Amino acid sequence: MKYVCDVCGWEYDPAEGDSEGGIAPGTVFADLPEDWVCPVCGAGKDQFSAA
């Protein structure tokens, strides 16, 4: 399942991870660190919605 940032629209795809944030491909959203933020706008995990 993908998650979309409610602030800027950036999409977190677990299959791709977040290379800029040091998140390996295959990391599910629930397993992201609590201090992880959107790489585009800096919004926290609580600002994301399931897509």
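Residues numbered from 1 in each chain as written. Predicted model: local features only at pLDDT ≥ 70, side-chain atom pairs only at ≥ 80, totals over all residues. Heavy atoms only, no water.

If you look the protein up in an unreviewed UniProt entry, it shows as Rubredoxin from Desulfobotulus pelophilus. Turning to the protein, the UniProt record has this under Function (unreviewed entry): "Rubredoxin is a small nonheme, iron protein lacking acid-labile sulfide. Its single Fe, chelated to 4 Cys, functions as an electron acceptor and may also stabilize the conformation of the molecule." A UniProt comment under Sequence similarities (unreviewed entry) is attached to the protein, and it reads "Belongs to the rubredoxin family." (UniProt positions renumbered as here; feature names shortened; annotations may be inferred.)

K.L.:
What am I meant to see in the overall build of the protein here?
P.N.:
When its secondary structure is counted, the protein shows zero helices and three strands. For the protein, the succession of helices and strands along the chain, N to C, is β-β-β. At 9 Å, the protein has a C-alpha radius of gyration in line with the 10 Å of a compact globule built from 51 residues. Each principal axis of the C-alpha distribution contributes one length, and for the protein these read about 25 × 20 × 15 Å. Taking all 51 residues of the protein together, 29% fall into the buried category. Sequence separation of 24 or more characterises 43% of the internal contacts of the protein that already satisfy a separation of 6 or more. Of the roughly 3100 Å² that the protein leaves accessible, carbon and sulfur atoms contribute 49%. (Helix = DSSP H or I, 4+ residues; strand = E, 2+ residues; numbered from the N terminus. Rg over C-alpha atoms; globule rule 2.2 N^0.38 Å. Buried < 20%, exposed > 50% of the residue type's maximum accessible area, 1.4 Å probe, protein only. Contact = heavy atoms within 4.5 Å. Areas by Shrake-Rupley, 256 points an atom, 1.4 Å probe, with all protein chains shown as cover.)

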